[in-house]
Amino acid sequence: MTGNTEHHNETINSDDNQQPGKHRLDKSMKRRRVLIGGTAVAAAGGLAVAGFASADTTSGETASSAEAETAAGTSTTSGVCTLNAEVTEGPYSLDGALVREDIREDKEGFEVQYTFTVVDQANDCAPLADALVEIWHCDALGEYSGFVGGNGHQEEDNGTFLRGGQLTDANGQCSITSIWPGHYVSRAVHVHMRVHTEVTLTDDSYTGGEVIHTGQLFFDADINEEIQATSPYSANTTKETTLANDSIYDDGGASSGLLTLTALGSSVSDGYKATITVGVDSA
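Parameters and conventions
- Residues numbered from 1 in each chain as written.
- Predicted model: local features only at pLDDT ≥ 70, side-chain atom pairs only at ≥ 80, totals over all residues.
- Heavy atoms only, no water.
- Helix = DSSP H or I, 4+ residues; strand = E, 2+ residues; numbered from the N terminus.
- Buried < 20%, exposed > 50% of the residue type's maximum accessible area, 1.4 Å probe, protein only.
- Arc of directions from axis to C-beta.
- Contact = heavy atoms within 4.5 Å.
- Pairing = 2+ DSSP bridges.
- Axes fitted to C-alpha atoms, helices over the stretch in contact; angles between N-to-C directions.
- Phe/Tyr/Trp six-rings, centres within 6.5 Å; stacked < 30°, edge-to-face > 60°.

A. Local environment of unusual backbone geometry. Backbone torsion omega between Ser-231 and Pro-232 reads 10°, so that peptide bond is classified as cis. We note that Asp-124 has phi near 55°; this positive angle belongs to a residue other than glycine. Within the secondary structure, Asp-124 sits in the loop between strand 3 (111-120) and strand 4 (126-127). Judged by its relative accessible area of 45%, Asp-124 is partly exposed.

Set out below in C-alpha coordinates:
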(Lines give C-alpha, C1' and ligand atoms only; values in the text may rest on other atoms or scores of the structure.)
Protein backbone atom coordinates (compact mmCIF):
# COMPACT_ATOMS: atom_id res chain seq x y z
CA MET A 1 0.00 0.00 0.00
CA THR A 2 1.38 3.37 -0.94
CA GLY A 3 1.06 6.88 0.34
CA ASN A 4 -1.30 7.55 -2.59
CA THR A 5 -4.10 5.64 -0.90
CA GLU A 6 -7.10 7.91 -0.61
CA HIS A 7 -8.30 9.02 2.81
CA HIS A 8 -11.42 7.35 4.11
CA ASN A 9 -14.28 9.33 5.61
CA GLU A 10 -16.12 8.03 8.64
CA THR A 11 -19.89 7.96 8.31
CA ILE A 12 -21.53 10.07 11.01
CA ASN A 13 -25.03 9.14 12.14
CA SER A 14 -27.74 11.72 12.44
CA ASP A 15 -27.19 12.13 16.18
CA ASP A 16 -23.70 13.54 15.53
CA ASN A 17 -25.20 16.65 13.99
CA GLN A 18 -27.11 17.41 17.17
CA GLN A 19 -23.96 18.23 19.10
CA PRO A 20 -22.00 20.77 17.03
CA GLY A 21 -18.89 22.25 18.54
CA LYS A 22 -18.35 19.48 21.11
CA HIS A 23 -15.90 17.56 18.98
CA ARG A 24 -12.95 18.44 16.82
CA LEU A 25 -12.89 17.14 13.24
CA ASP A 26 -9.84 18.67 11.58
CA LYS A 27 -10.70 18.80 7.90
CA SER A 28 -7.34 20.39 7.17
CA MET A 29 -5.43 17.38 8.45
CA LYS A 30 -2.61 16.87 6.02
CA ARG A 31 -1.79 13.46 4.66
CA ARG A 32 1.24 11.81 6.22
CA ARG A 33 2.91 8.62 5.21
CA VAL A 34 2.72 6.16 8.04
CA LEU A 35 3.45 2.51 8.49
CA ILE A 36 1.58 0.04 10.61
CA GLY A 37 2.81 -3.52 11.19
CA GLY A 38 4.26 -5.29 8.17
CA THR A 39 6.86 -8.03 7.99
CA ALA A 40 9.79 -5.66 7.52
CA VAL A 41 9.37 -3.51 10.60
CA ALA A 42 12.40 -3.32 12.86
CA ALA A 43 13.08 -5.43 15.92
CA ALA A 44 14.29 -2.92 18.49
CA GLY A 45 16.38 -3.67 21.54
CA GLY A 46 16.00 -7.41 20.99
CA LEU A 47 12.19 -7.13 20.89
CA ALA A 48 10.48 -8.76 17.94
CA VAL A 49 7.85 -6.32 16.79
CA ALA A 50 4.26 -7.52 17.12
CA GLY A 51 1.32 -6.76 14.87
CA PHE A 52 1.88 -9.00 11.87
CA ALA A 53 -1.17 -11.23 12.09
CA SER A 54 -4.72 -11.40 13.31
CA ALA A 55 -5.62 -13.56 16.30
CA ASP A 56 -5.54 -17.34 16.34
CA THR A 57 -9.08 -17.91 17.56
CA THR A 58 -8.51 -21.53 18.50
CA SER A 59 -5.28 -21.62 20.47
CA GLY A 60 -5.07 -17.98 21.57
CA GLU A 61 -1.45 -17.90 20.34
CA THR A 62 -0.42 -15.44 17.63
CA ALA A 63 2.57 -17.38 16.23
CA SER A 64 4.63 -20.49 16.81
CA SER A 65 8.15 -20.23 18.22
CA ALA A 66 9.60 -20.94 14.80
CA GLU A 67 7.49 -18.24 13.20
CA ALA A 68 8.51 -15.76 15.88
CA GLU A 69 12.19 -16.57 15.36
CA THR A 70 11.77 -16.12 11.62
CA ALA A 71 10.09 -12.76 12.11
CA ALA A 72 12.88 -11.63 14.42
CA GLY A 73 15.57 -12.91 12.07
CA THR A 74 14.22 -11.06 9.06
CA SER A 75 13.46 -7.79 10.84
CA THR A 76 15.64 -4.90 9.78
CA THR A 77 16.51 -1.34 10.65
CA SER A 78 16.96 -0.40 7.00
CA GLY A 79 13.79 1.68 6.92
CA VAL A 80 12.05 -0.66 4.45
CA CYS A 81 8.50 -0.39 5.73
CA THR A 82 4.92 -0.97 4.71
CA LEU A 83 3.23 2.39 4.11
CA ASN A 84 -0.34 3.25 4.92
CA ALA A 85 -2.49 6.35 4.43
CA GLU A 86 -4.00 7.99 7.49
CA VAL A 87 -7.72 7.95 8.17
CA THR A 88 -10.09 10.42 9.76
CA GLU A 89 -10.07 10.77 13.53
CA GLY A 90 -13.88 10.66 13.40
CA PRO A 91 -16.58 12.76 15.05
CA TYR A 92 -15.92 11.84 18.69
CA SER A 93 -12.44 13.23 19.39
CA LEU A 94 -11.70 15.57 22.29
CA ASP A 95 -8.62 17.62 23.09
CA GLY A 96 -6.50 17.20 26.20
CA ALA A 97 -6.56 13.46 26.89
CA LEU A 98 -5.63 12.21 30.34
CA VAL A 99 -2.17 10.62 30.44
CA ARG A 100 -2.82 7.31 32.21
CA GLU A 101 -2.30 3.61 31.68
CA ASP A 102 -5.81 2.42 32.58
CA ILE A 103 -8.67 4.25 30.83
CA ARG A 104 -11.57 2.01 31.91
CA GLU A 105 -12.82 3.99 34.90
CA ASP A 106 -16.02 2.17 35.95
CA LYS A 107 -16.98 0.86 32.52
CA GLU A 108 -18.01 -2.78 32.26
CA GLY A 109 -16.53 -4.89 29.49
CA PHE A 110 -13.89 -7.46 28.62
CA GLU A 111 -10.33 -6.35 29.32
CA VAL A 112 -7.97 -5.47 26.49
CA GLN A 113 -4.28 -4.93 27.24
CA TYR A 114 -2.85 -2.86 24.39
CA THR A 115 0.86 -2.72 23.60
CA PHE A 116 1.94 -0.23 20.95
CA THR A 117 5.39 -0.09 19.38
CA VAL A 118 6.08 3.19 17.59
CA VAL A 119 8.93 3.36 15.05
CA ASP A 120 10.16 6.32 13.02
CA GLN A 121 10.66 6.02 9.28
CA ALA A 122 12.69 9.23 9.34
CA ASN A 123 15.25 7.45 11.54
CA ASP A 124 15.57 4.08 9.76
CA CYS A 125 12.50 2.69 11.56
CA ALA A 126 14.18 3.07 14.95
CA PRO A 127 11.98 3.16 18.06
CA LEU A 128 10.41 6.54 18.72
CA ALA A 129 10.67 7.43 22.41
CA ASP A 130 8.57 10.01 24.27
CA ALA A 131 5.72 9.90 21.78
CA LEU A 132 2.24 10.13 23.27
CA VAL A 133 -0.03 7.36 22.00
CA GLU A 134 -3.64 8.39 22.60
CA ILE A 135 -6.68 6.16 22.11
CA TRP A 136 -10.42 6.56 22.56
CA HIS A 137 -13.43 4.38 21.82
CA CYS A 138 -17.05 3.74 22.76
CA ASP A 139 -18.31 1.66 25.69
CA ALA A 140 -20.27 -1.60 25.56
CA LEU A 141 -23.43 0.31 24.60
CA GLY A 142 -21.70 2.15 21.76
CA GLU A 143 -21.53 5.48 23.60
CA TYR A 144 -18.55 7.85 23.66
CA SER A 145 -17.70 9.96 26.69
CA GLY A 146 -18.53 13.56 25.95
CA PHE A 147 -21.18 12.47 23.42
CA VAL A 148 -23.45 10.10 25.35
CA GLY A 149 -26.79 9.64 23.60
CA GLY A 150 -25.30 9.41 20.14
CA ASN A 151 -26.14 5.70 19.98
CA GLY A 152 -29.52 6.02 21.67
CA HIS A 153 -28.61 5.19 25.27
CA GLN A 154 -28.82 7.42 28.31
CA GLU A 155 -26.08 7.09 30.94
CA GLU A 156 -23.70 9.22 32.97
CA ASP A 157 -21.24 11.21 30.90
CA ASN A 158 -18.08 12.55 32.54
CA GLY A 159 -16.31 13.22 29.26
CA THR A 160 -13.29 11.06 30.16
CA PHE A 161 -14.21 7.37 30.23
CA LEU A 162 -12.36 5.19 27.71
CA ARG A 163 -10.02 8.01 26.70
CA GLY A 164 -6.33 8.44 27.48
CA GLY A 165 -2.74 7.99 26.45
CA GLN A 166 0.77 6.98 27.44
CA LEU A 167 4.30 8.03 26.48
CA THR A 168 6.49 5.52 24.69
CA ASP A 169 9.67 4.31 26.39
CA ALA A 170 13.19 3.97 24.94
CA ASN A 171 12.00 0.92 22.95
CA GLY A 172 9.16 2.93 21.42
CA GLN A 173 6.62 0.97 23.44
CA CYS A 174 3.73 1.82 25.72
CA SER A 175 0.82 -0.07 27.21
CA ILE A 176 -2.79 0.98 27.80
CA THR A 177 -5.52 -1.08 29.47
CA SER A 178 -9.13 -0.69 28.39
CA ILE A 179 -12.16 -2.80 27.44
CA TRP A 180 -13.27 -4.30 24.15
CA PRO A 181 -15.41 -1.63 22.46
CA GLY A 182 -19.07 -2.01 21.71
CA HIS A 183 -20.60 -0.96 18.41
CA TYR A 184 -22.67 1.92 17.12
CA VAL A 185 -24.74 2.62 14.04
CA SER A 186 -22.83 2.67 10.72
CA ARG A 187 -19.38 1.50 11.90
CA ALA A 188 -17.64 -1.78 12.69
CA VAL A 189 -16.08 -2.10 16.15
CA HIS A 190 -12.95 0.05 16.26
CA VAL A 191 -10.62 2.21 18.34
CA HIS A 192 -9.36 5.68 17.42
CA MET A 193 -5.70 6.55 17.83
CA ARG A 194 -3.41 9.57 17.58
CA VAL A 195 0.36 9.78 18.01
CA HIS A 196 1.74 13.07 19.31
CA THR A 197 5.33 14.27 19.60
CA GLU A 198 6.91 17.10 21.62
CA VAL A 199 4.12 17.22 24.21
CA THR A 200 4.60 18.75 27.65
CA LEU A 201 3.16 16.70 30.49
CA THR A 202 1.00 18.33 33.16
CA ASP A 203 -0.21 16.70 36.39
CA ASP A 204 -2.53 14.31 34.56
CA SER A 205 -2.65 15.45 30.94
CA TYR A 206 -0.47 17.28 28.37
CA THR A 207 -0.14 20.51 26.45
CA GLY A 208 1.35 21.41 23.07
CA GLY A 209 2.96 18.99 20.69
CA GLU A 210 2.15 17.88 17.17
CA VAL A 211 -0.11 15.08 15.95
CA ILE A 212 1.99 13.03 13.52
CA HIS A 213 -0.39 10.13 13.03
CA THR A 214 -4.16 9.64 13.11
CA GLY A 215 -5.52 6.14 12.64
CA GLN A 216 -8.04 3.53 13.67
CA LEU A 217 -7.64 0.02 15.07
CA PHE A 218 -9.77 -3.03 14.32
CA PHE A 219 -10.50 -6.47 15.78
CA ASP A 220 -10.80 -10.05 14.55
CA ALA A 221 -14.35 -10.45 13.21
CA ASP A 222 -15.02 -13.91 14.65
CA ILE A 223 -13.93 -12.99 18.17
CA ASN A 224 -15.88 -9.76 18.00
CA GLU A 225 -19.04 -11.55 16.94
CA GLU A 226 -18.89 -13.74 20.03
CA ILE A 227 -18.16 -10.78 22.31
CA GLN A 228 -20.96 -8.60 20.97
CA ALA A 229 -23.41 -11.45 21.68
CA THR A 230 -22.28 -11.67 25.32
CA SER A 231 -23.35 -9.49 28.26
CA PRO A 232 -22.82 -6.56 28.77
CA TYR A 233 -22.40 -6.02 25.01
CA SER A 234 -25.60 -7.87 24.13
CA ALA A 235 -27.63 -5.12 25.85
CA ASN A 236 -26.76 -2.89 22.88
CA THR A 237 -29.40 -3.78 20.29
CA THR A 238 -28.50 -1.15 17.69
CA LYS A 239 -27.59 -2.49 14.28
CA GLU A 240 -23.94 -3.53 13.94
CA THR A 241 -21.79 -3.10 10.83
CA THR A 242 -19.44 -6.00 10.13
CA LEU A 243 -15.73 -5.50 9.55
CA ALA A 244 -16.14 -6.60 5.94
CA ASN A 245 -18.70 -3.84 5.36
CA ASP A 246 -16.97 -1.06 7.29
CA SER A 247 -16.50 2.22 5.45
CA ILE A 248 -12.91 2.68 6.67
CA TYR A 249 -11.29 -0.73 7.13
CA ASP A 250 -9.98 -1.84 3.73
CA ASP A 251 -9.11 -5.47 4.43
CA GLY A 252 -5.39 -4.76 4.58
CA GLY A 253 -4.70 -6.61 7.84
CA ALA A 254 -2.11 -5.03 10.11
CA SER A 255 -1.37 -2.38 7.50
CA SER A 256 -4.99 -1.24 7.91
CA GLY A 257 -4.95 -1.30 11.70
CA LEU A 258 -5.96 -4.91 12.44
CA LEU A 259 -4.69 -5.80 15.90
CA THR A 260 -2.85 -8.98 16.79
CA LEU A 261 -4.81 -10.64 19.60
CA THR A 262 -3.73 -13.14 22.24
CA ALA A 263 -6.33 -14.59 24.59
CA LEU A 264 -5.82 -14.01 28.32
CA GLY A 265 -7.85 -17.10 29.22
CA SER A 266 -10.16 -19.78 27.88
CA SER A 267 -13.20 -17.52 27.50
CA VAL A 268 -13.69 -14.27 25.59
CA SER A 269 -14.74 -12.71 28.90
CA ASP A 270 -11.17 -13.22 30.17
CA GLY A 271 -10.00 -10.59 27.71
CA TYR A 272 -7.13 -10.21 25.25
CA LYS A 273 -3.71 -8.78 24.70
CA ALA A 274 -3.69 -6.56 21.60
CA THR A 275 -0.50 -5.51 19.85
CA ILE A 276 0.42 -3.49 16.80
CA THR A 277 3.45 -1.64 15.47
CA VAL A 278 2.79 1.91 14.35
CA GLY A 279 5.40 3.71 12.29
CA VAL A 280 5.42 7.44 11.71
CA ASP A 281 7.48 9.80 9.63
CA SER A 282 8.61 12.48 12.07
CA ALA A 283 10.48 14.49 9.42
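B. Here's a closer look at helix 2 (residues 221-228). Every buried residue of helix 2 is listed here: Ile-223, Asn-224, Ile-227 and Gln-228. Along the long axis of helix 2, the arc covered by the buried residues comes to 125°, so they all point the same way. Of the exposed residues in helix 2, the ones pointing more than 90 degrees away from its buried face are Asp-222 and Glu-225. Buried residues along helix 2 sit in contact with strand 12 (260-263) and strand 13 (272-280).

C. Molecular detail of the sheet that holds strand 11 (residues 210-218). Ordered by their spatial adjacency, 4 strands build an open sheet running 6-5-8-11, and the pairing between neighbours is antiparallel. Lying at the two open borders of the sheet, with one neighbouring strand each, are strand 6 (163-167) and strand 11. When strand polarity is set aside, the average angle formed by the axes of neighbouring strands in this sheet is 20°. With 8 bridges joining them, strand 8 (residues 190-197) and strand 11 adopt antiparallel strand pairing. Bridged to Thr-197 within strand 11 is Glu-210.

D. Spotlight on the packing of aromatic side chains. Using the criterion set out here, one finds 9 aromatic pairs in the structure. Both rings, one in Phe-218 and one in Tyr-249, keep their centres 5.0 Å apart while their planes meet at 50°; by these two values the pair is tilted. Residue Phe-218 is located in strand 11, and its partner Tyr-249 is located in the loop between helix 2 and strand 12; the two are separated by 31 residues in the primary sequence. For the pair formed by Phe-218 and Tyr-249, the shared burial category is buried. Put simply, the rings of Tyr-92, Tyr-144, Phe-147 and Tyr-184 pair up and form one aromatic cluster.

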